[in-house]
Amino acid sequence: MSAADLNIPTAPPIAGARPLHSGKVRDLYEIEEGEHAGQLLMVASDRISIFDFVLDSTIPDKGEILTRMSLWWFDQLADLVPHHVLSTDVPAAVAGRAVVCERLAMWPVECVARGYLTGSGLVDYTATGEVCGVALPAGLVDGSRLPEPVFTPATKAELGEHDENVSYAAVAATIGDTAAEELRDLTLAVYARAEALARERGIVLADTKLEFGARADGTTVLGDEVLTPDSSRFWPADAWRPGRTQPSYDKQIVRNWALSPESGWDRASGEAPPPLPAEVVERTRARYVEAYELLTGERF
């Protein structure tokens, strides 16, 4: 599917920066002048996507929340792995929702850590008793806490396609044993740190997706966004009940509305869902704000 099919708008012009790529949420630019010339400007928009469609509706402040949350997490993880952020001094048009970041050679792997069974991991487990080749105990249900967190990588899909869960052996065959081992160990270390911090704040971190790249000297660096509601499953700890779909701090409110009779949307039509009602927009924004404030302890 093309960007047009997915309803992804063209990245807006920014003086001194050349558009490189527009994704479902982020726009990426190359900085053409100043001290960071040749590096990247990563801008988080207020766009929201469900079922591989970017909606016409936006969620106010979402881009800033994602950016501020990532920056907070990068600080919490700095002793475990370096991150790609060079500066938050960005053009006024994107202030608060953009970062200047290093240009890295990104590893072609979605590095996923799971501490709980749900989503595509649950689908795999139900079919095979395994997730990405990792055998799990019998009798687990949706939302079960795993005996220990597992590394369940996925291939990076082309725009509009779905990432595909793969085994650790497949990753090692693609990028080499040494790199695969480092990415696995870093992913599990980041998850362990983040899971403990979130639990202290009343939030279950069920799973998370990380992206890593390499500097020219070979140093592995944590890139993209990190531990946001768009890249992780956060559940209220006091509402966690295995054996059901858990309430979450993400865009589930939007998915539920789109699939309800109220929306009038036919998912099989191939067309994007209709614009969101104001009430759904506000409830979704409130969930993102709540996750940010609970995790960071800061007011948004």
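Just so it is clear, the model here is predicted, and its values are computed rather than measured.

Caption draft 1: Main features of the environment of D61. Note on placement: D61 falls in the loop between β5 (53-58) and α1 (62-77). Taking the C-alpha atoms as reference points, D61 and A214, separated by 153 residues in sequence, lie 31 Å from one another. In this structure D61 touches D46, R285 and F300, once residues within four positions along its chain are discounted. For D61, the side chain forms a polar contact with the side chain of R285, separated by 2.8 Å.

Caption draft 2: Summary view of the side chain of E102. The topology assignment puts E102 in the loop between β7 (98-101) and β8 (105-106). Side-chain polar atoms of E102 contact the side chain of R215, separated by 2.9 Å. Contact partners of E102, with chain neighbours within four places excluded, come to Q39, L40, H83, H84, L86, R215 and V221.

Caption draft 3: Representation of the sheet that holds strand β3 (residues 40-44) in the model. With antiparallel pairing, 5 strands are arranged side by side in an open sheet as β1-β2-β3-β7-β6. Since the sheet does not close on itself, it has two edges, and those belong to β1 (17-22) and β6 (85-87), each with one partner. Pairs of neighbouring strands in the sheet enclose a mean axial angle of 40°, with direction left out of account. This element, α1, spans β2 (26-31), β3, β6 and β7 of the sheet and lies at about 45° to β7.

Caption draft 4: Just helix α2 (residues 119-128), in detail. For α2, the complete set of buried residues consists of G121, L122 and Y125. Buried residues in α2, looked at end-on, bunch into an arc of 100°, giving them a common side. In α2, the exposed positions angled more than 90 degrees off the buried face are occupied by V123, T126, A127 and T128. On its buried side, α2 packs onto β9 (109-116), β10 (130-131) and β14 (164-165). Positive backbone phi, approximately 80°, marks G129, located one or two places after α2.

Caption draft 5: Looking closely at the pattern of salt bridges. Inspection of every chain in the model, using the stated rule, returns 19 salt bridges. Residues R184 and D185 are paired through a salt bridge, measuring 3.3 Å at the closest nitrogen-oxygen approach. Of the residues examined, R184 reaches a relative accessible area of 26% and is grouped as partly exposed. Taking the relative accessible area as the measure of exposure, D185 reaches 38% and is therefore partly exposed. Connected via shared salt-bridge partners are R18, E30 and R103.

Caption draft 6: How the structure looks around the packing of α1 against helix α4 (residues 177-200). Between α1 and α4, the shortest axis-to-axis distance is 11 Å and the interhelical angle comes to 110°. In terms of their interaxial angle, α1 and α4 are classed as roughly perpendicular. Seen from above, α1 lies across α4 with right-handed handedness. Across the interface between the two elements, W73, Q76 and L77 of α1 pack against V190, R193, A194 and L197 of α4.

Caption draft 7: Focus on the packing of aromatic side chains. With the rule as written, the count across this model stands at 6 aromatic pairs. A centroid spacing of 5.8 Å and a plane angle of 25° characterise the contact between F51 and W265, whose relative ring orientation is stacked. Note that F51 is positioned in the loop between β4 (47-50) and β5 and W265 in the loop between α5 (252-259) and α6 (278-296), a separation of 214 residues in sequence. Take W265: its relative accessible area is 13%, and that puts it in the buried class. With 4.9 Å between their ring centres and 80° between their planes, W72 and W73 make a pair best called edge-to-face. Summarising the burial analysis for this pair, W72 and W73 share the class buried.

Caption draft 8: Region of interest: unusual backbone geometry. We note that D61 has phi near 75°; this positive angle belongs to a residue other than glycine. Positive phi, close to 55°, is recorded for L227, a residue that is not glycine. The exposure class assigned to L227 is buried, which follows from its relative accessible area of 0%.

Caption draft 9: Broad picture of the side chain of T67. Mapped onto the elements of the fold, T67 is located in helix α1. Dropping the residues within four chain positions of it, T67 is found in contact with A44, G96, R97, A98 and V99.

Caption draft 10: View of empty space enclosed by the protein. Counted by the stated rule, this structure contains 1 cavity of 30 Å³ or more. The space that makes up the largest cavity amounts to roughly 90 Å³. As for the largest cavity, its lining consists of 14 residues, of which M42, T67, S70, V99 and D224 are closest to the centre. Broken down by secondary-structure element, the contributors of at least two residues to the lining of the largest cavity are β3 and α1.

How each quantity is defined
- Residues numbered from 1 in each chain as written.
- Predicted model: local features only at pLDDT ≥ 70, side-chain atom pairs only at ≥ 80, totals over all residues.
- Heavy atoms only, no water.
- Helix = DSSP H or I, 4+ residues; strand = E, 2+ residues; numbered from the N terminus.
- Contact = heavy atoms within 4.5 Å.
- Polar contact = N/O pair within 3.5 Å; in protein donor to acceptor, adjacent residues only side chain to side chain.
- Pairing = 2+ DSSP bridges.
- Axes fitted to C-alpha atoms, helices over the stretch in contact; angles between N-to-C directions.
- Buried < 20%, exposed > 50% of the residue type's maximum accessible area, 1.4 Å probe, protein only.
- Arc of directions from axis to C-beta.
- Salt bridge = Lys/Arg side-chain N within 4 Å of Asp/Glu carboxyl O.
- Parallel < 35°, antiparallel > 145°, perpendicular 65-115°, else oblique.
- Left-handed = near helix turned anticlockwise from the far one by under 90°.
- Phe/Tyr/Trp six-rings, centres within 6.5 Å; stacked < 30°, edge-to-face > 60°.
- 1 Å grid on protein atoms, 1.4 Å probe; cavity = no way out; pocket = protein on both sides within 12 Å on 5 of 7 lines; lining within 4 Å.
- Points joined across faces, edges and corners; volume = space filled by probe spheres on them.

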